[in-house]
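Analysis of the macromolecular model
Here is what each chain is made of, one letter per residue.
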Amino acid sequence: MRSVAPEPIAGQTVLVTGGAGYIGSHTVRALRAADRPVVVLDSLELGTADAVIDAPLVVGDIADEALVEQVCRDHDVGSVVHFAAYKNVGESMTDPGKYFHNNVDGTVHLVEAVLRAGVQQMVFSSSCSVYGTPPTVPVDESAPIAPESVYADTKAMIERVLRWYGMTSGLRAVSLRYFNAAGASVDSRIGEDWSYALNLIPVAMRALLLGDPPQLQVYGTDYPTPDGTCIRDYIHVDDLADAHVKSLDHLDRGGDTVEINVGTGIGSSVLEVLNAIGAVAGRPVPHELAPRRAGDPVSTYAEPSRAAEVLGWRAAHGLDEIVRTAYAWHLAQLGD
Ligand SMILES: NC(=O)c1ccc[n+]([C@@H]2O[C@H](COP(=O)([O-])OP(=O)(O)OC[C@H]3O[C@@H](n4cnc5c(N)ncnc54)[C@H](O)[C@@H]3O)[C@@H](O)[C@H]2O)c1
């Protein structure tokens, strides 16, 4: 155990790791709109410099402790919002070491470096996948942690790593368990690039706007749900961004380490999402019905009341707005 915790430097700047990626770039904008100074650290392996709006970008790796410590000192960093990670569930099962190294080990290096620079506040991108297939829905934060992939377990491990650093070193962390991030900024400036994305909405947009191939597969139509397809909780990326701003406010108030669901509390089936996209586009999304895929929970959506109680946060956008902003952004990309 560390005998003496470093004096917090109480800097004003927020270090955003992975801030050139999908959720990170929206959060950088939300932080700047809230007048918070920001510095982004991103390797640009899966993000683009163009997505970083109104904040300096340092290109580098979270595992580079010397760089991280220097960035914290140079930019007067007081807290970290930590997005940087790999997130491909399938790849995590074929190349687990890549995920343990980048997500878990990378986070340990990051935490060691920021603590040395006197930074003791962190907001972390966790995931509803830590629950695996929840025994009941809506799922609240007391549900068993039962990850069903290496990726999901990296998130559960990091939550525990952060709790241990809280006990040993005074770190306070908010782990936000995101449900399914979706949508784009209302001005269509940033969104979810379908060349990296594997999630339903960008894949559906690609099928709709680029035609055949690529084809969209609906995996499983015989689940015990009203229309037979899986149910998920789609949360607008700007709502997610807002949850990070409010999490930093919680930490600034001296708030304790906590794990929090970030979802709408409303489940939508795959076919409901495709119908919503078809309604916005004025034509149906081309798709094929396919057998169930291993490892897909039937239904998962959030019980979001802890976010309201602790952070004063609740989702402001619904599925229609998610689909409308995503469609507008993807159309704008085709026009470029
Ligand atoms: N998208 C979702 O629905 C979702 C759901 C739950 C959790 N999450 C988590 O949220 C976070 C952000 O997700 P996203 O959808 O914005 O992903 P993303 O891939 O768009 O962004 C991740 C960013 O991190 C950067 N990065 C990765 N490893 C790095 C490293 N070692 N050093 C520096 N930069 C690095 C990438 O270049 C990329 O810009 C991830 O941790 C992800 O696991 C996402």
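Conventions we followed
- Residues numbered from 1 in each chain as written.
- Predicted model: local features only at pLDDT ≥ 70, side-chain atom pairs only at ≥ 80, totals over all residues.
- Helix = DSSP H or I, 4+ residues; strand = E, 2+ residues; numbered from the N terminus.
- Rg over C-alpha atoms; globule rule 2.2 N^0.38 Å.
- Buried ≥ 20, exposed ≤ 12 C-beta atoms within 10 Å, placed from the backbone.
- Contact = placed C-beta atoms within 7 Å.
- Near = placed C-beta within 6 Å.
- Nonpolar A, V, L, I, M, F, W, Y, C, P; charged D, E, K, R; others polar.
- Axes fitted to C-alpha atoms, helices over the stretch in contact; angles between N-to-C directions.
- Parallel < 35°, antiparallel > 145°, perpendicular 65-115°, else oblique.
- Left-handed = near helix turned anticlockwise from the far one by under 90°.
- Domains from an automatic or database assignment.
- Pairing = 2+ DSSP bridges.

A word on the overall build of the chain. The helix and strand tally for the chain stands at ten helices and 13 strands. Its C-alpha atoms give the chain a radius of gyration of 19 Å, within 12% of the compact-globule value 20 Å for 336 residues. For the chain, buried positions account for 48% of its 336 residues. For the chain, the proportion of contacts with a sequence separation of at least 24, taken over those separated by at least 6, is 79%.

With that settled, the discussion passes to the site of the ligand. Looking at the ligand, there are 29 residues lining it, with Gly-18, Gly-21, Gly-47, Ala-85 and Ser-125 nearest. Listing elements by their share of the shell around the ligand, those giving two or more residues are helix H1 (22–33), strand S2 (38–42), helix H4 (96–116), strand S5 (121–127) and strand S7 (180–182). At three residues, H1 tops the list of elements feeding residues into the shell around the ligand. Partitioned by chemical class, the residues of the shell around the ligand number 13 nonpolar, twelve polar and four charged.

We now examine the packing of H4 against helix H5 (residues 150–169). At a minimum axis distance of 10 Å, the contact between H4 and H5 shows a crossing angle of 20 degrees. Considering their axes alone, H4 and H5 lie roughly parallel with respect to each other. The crossing of H4 and H5 is right-handed. The segment H4 lies against H5, with Pro-96, Tyr-99, Phe-100, Asn-103, Val-104, Thr-107, Val-108, Val-111 and Leu-115 engaging Val-150, Tyr-151, Thr-154, Met-157, Ile-158, Val-161, Tyr-165 and Ser-169.

Time to look at unusual backbone geometry. At the junction of Val-137 and Pro-138, the peptide bond is cis and its omega measures out at -5 degrees in the coordinates. Position of Pro-138 among the secondary structure elements: in the loop between S5 and H5. One non-glycine residue, Leu-44, lies in positive phi territory at about 65 degrees. Within the element layout of this structure, Leu-44 appears in the loop between S2 and strand S3 (57–59). A positive phi angle, near 60 degrees, is found at Ser-188, a position not held by glycine.

This next bit is on the environment of Val-130. Position of Val-130 among the secondary structure elements: in the loop between S5 and H5. Exposure remark for Val-130: the 24 C-beta atoms within 10 Å place this residue in the buried category. With 122 residues separating them along the chain, Val-130 and Asp-252 place their C-alpha atoms 27 Å apart. The residues contacting Val-130, other than those within four sequence positions of it, are Ile-145, Pro-147, Ala-152, Lys-155, Ala-156 and Arg-177.

Before going further, it helps to examine the domain arrangement of the chain. For the chain, the domain assignment lists domain 1 (13–182 + 234–262) and domain 2 (200–233 + 265–335). For domain 1 versus domain 2, the separation of C-alpha centres amounts to 24 Å. If you look at the interface, domain 1 gives 29 residues, while domain 2 gives 28 residues. Looking at the side of domain 1 that touches domain 2, the elements that each hand over two or more residues are S7, strand S10 (234–236), helix H7 (237–252) and strand S11 (258–262). Here the side of domain 1 that touches domain 2 is built from residues that sort into 14 nonpolar, eight polar and seven charged.

This next bit is on the sheet that holds S3. Taken in spatial order, the seven strands line up as S3-S2-S1-S4-S5-S6-S11 in an open sheet, and their pairing is parallel. In this open sheet, the two edge strands, each paired with only one partner strand, are S3 and S11. The mean inter-strand angle of the sheet, taken between neighbouring strand axes irrespective of direction, is 20 degrees. Here strand S6 (residues 172–178) pairs with S11 via five bridges, running parallel. If you follow Tyr-178 over to S11, its bridge partner there is Val-262. Against the sheet, helix H2 (residues 65–74) engages strand S1 (13–17), S2, S3 and strand S4 (77–82), with an angle of about 170 degrees to S2.

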